[in-house]
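Structural description and commentary
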Amino acid sequence: MTSEQLLSLLSETWTSWSELCRVTKTPQAELARALRELQVQGFPVMVEEPGARLAPGTPAPQILLPLLRGKLGRSYRYLGTVPSTQDVLRAWSEAPAGALVLAERQTKGRGRMGRVWESPPGNLYFSLFLGEDVDDLLPLRVGVALVEATQVGYLKWPNDLLAPDGRKLGGILVERVGTRVFLGVGVNVEIAPLPTAAALREFRSVQRATLLADFLWSLESWLSEKRSVVFAAWKKHSITLGRRVVIQTARERIEGLALDLGLNGELLVSTQRGLRRVTTGDVELGAAQDVEDPQIGQGQA
Ligand code: BTN
């Protein structure tokens, strides 16, 4: 019996030792060792006197797959500890579009612009293969799906989910290898790994499997939504537009007023030197300001 087989037998309620021994035809001491090994790998397996179970809301296949409503996530690899789910997915050569990799912990989780994504147990870390048929509004589409699924917070351009108090709740990473697109999402569900981060449970009690299923379902519809509808939804959830911003790009620092989104999802910023179209960068938000700028109206209506 492999550890994967043993994991697949567990549910959110206790399975007794006698039942586990009977089904696996394995003595209890050996089972206890195998369960301990699953814990060491990072799986949230609870082992006590009544038997063994998974922590509530664990996104193991037997819990997640019955919650799925669409096509995304049906090919699924559920893992304990990995360096980065992005790399596991990229190495999965036969992955069909919609394939999902999720890990309980990452040792080399990565964020945008070469940053580390702290990945302790209790949160959601997953990567989704989106195939090749993806447009330039993908970060906006994913952001809207994420804020709809979490039901908390705001979107900060380009790829962040912020808590109502401005701390970071989640992040989106889009990586392209040739024409193939790999989407990575991290959401702090139970643990805020940094002082600048928030955990979703501070605002709402939700189980990880439910949250992930809701996100995948929402994303599926946002992926095929009309561009004008995507812009409108993103703006509704935005905390970026109408604020002073300082944007650090790879080459320069841009200061100004975030006016609007451009046709390709870029940020239109009114600066002292005129209107700038920013395609990527790290945004620091400042004070809100009335957007009565002569330069407005040049972006996406
Ligand atoms: C960011 O805000 O900078 C994006 C963070 C993306 C983190 C996720 S966690 C799952 C996937 N695997 C990674 O190594 N990164 C992404």
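About the cut-offs
- Residues numbered from 1 in each chain as written.
- Predicted model: local features only at pLDDT ≥ 70, side-chain atom pairs only at ≥ 80, totals over all residues.
- Heavy atoms only, no water.
- Near = heavy atom within 4 Å.
- Polar contact = N/O pair within 3.5 Å; in protein donor to acceptor, adjacent residues only side chain to side chain.
- Areas by Shrake-Rupley, 256 points an atom, 1.4 Å probe, with all protein chains shown as cover.
- Helix = DSSP H or I, 4+ residues; strand = E, 2+ residues; numbered from the N terminus.
- Pairing = 2+ DSSP bridges.
- Axes fitted to C-alpha atoms, helices over the stretch in contact; angles between N-to-C directions.
- Contact = heavy atoms within 4.5 Å.
- Salt bridge = Lys/Arg side-chain N within 4 Å of Asp/Glu carboxyl O.
- Buried < 20%, exposed > 50% of the residue type's maximum accessible area, 1.4 Å probe, protein only.

A few words now on the site of the ligand. In the vicinity of the ligand there are 20 residues, among which Ser84, Gln106, Arg110, Arg112 and Lys168 approach most closely. Contacts to the ligand include Gln106, whose side-chain N or O atom sits 2.9 Å from a nitrogen atom. Within the side chain of Lys168, an N or O atom sits 2.7 Å from an oxygen atom of the ligand. Protein contacts shield 99% of the accessible area of the ligand, which totals 420 Å² for the unbound molecule. Those elements giving two or more residues to the shell around the ligand turn out to be α5 (85–91), β6 (124–129), β9 (168–177) and β10 (180–187). Looking at the shell around the ligand, the element that brings in the most residues is β9, giving four residues.

A separate point is the sheet that holds strand β14 (residues 274–278). Reading across from one edge, β14-β13-β12-β11-β15 is the order of the five strands in this open sheet, with antiparallel pairing throughout. Only two strands of the sheet have a single neighbouring strand rather than two, namely β14 and β15 (282–288). Adjacent strand axes in the sheet meet at a mean angle of 40° when their direction is disregarded. Taken together, the five bridges between strand β11 (residues 243–248) and strand β12 (residues 253–261) define a ladder with antiparallel strand orientation. Paired with Val246 across the bridge in β12 is Glu255.

This part is about the sheet that holds strand β2 (residues 45–48). Across the sheet, which stays open at both edges, the three strands sit in the order β1-β3-β2 with antiparallel pairing between neighbours. Looking along the sheet, the strands with just one partner apiece sit at the ends: β1 (15–16) and β2. In terms of strand pairing, β1 meets strand β3 (residues 51–54) through two bridges, oriented antiparallel. In the sheet register, Thr15 faces β3, and the bridge partner there is Ala52. Set on the sheet, helix α3 (residues 28–41) makes contact with β2 and β3; between it and β2 the angle comes to about 145°.

Moving on, we get to the pattern of salt bridges. According to the stated counting rule, one finds 19 salt bridges in the structure shown. Between Glu175 and Arg90 there is a salt bridge; the shortest N-O distance is 2.9 Å. Here Arg90 lies in helix α5 and Glu175 lies in strand β9, a separation of 85 residues in the sequence. A single salt-bridge network, built from bridges that share partners, covers Asp87, Arg90, Arg110 and Glu175.

What follows is about unusual backbone geometry. Cis geometry marks the peptide bond from Trp157 to Pro158, where omega comes out at 0°. For Pro158, the location among the structural elements is in the loop between β7 (154–156) and β8 (160–162). With a phi close to 55°, Met113 is a non-glycine residue in the positive phi region. Looking at the secondary structure, you find Met113 in the loop between β5 (100–106) and β6. Residue Met113 is classed as partly exposed on the basis of its relative accessible area, which comes to 44%. Positioned with a positive phi, Gln151 is a non-glycine residue whose angle comes to about 60°. Following the sequence through the fold, Gln151 ends up in the loop between α6 (138–150) and β7. Look at Gln151 and you get exposed, because its relative accessible area is 56%.

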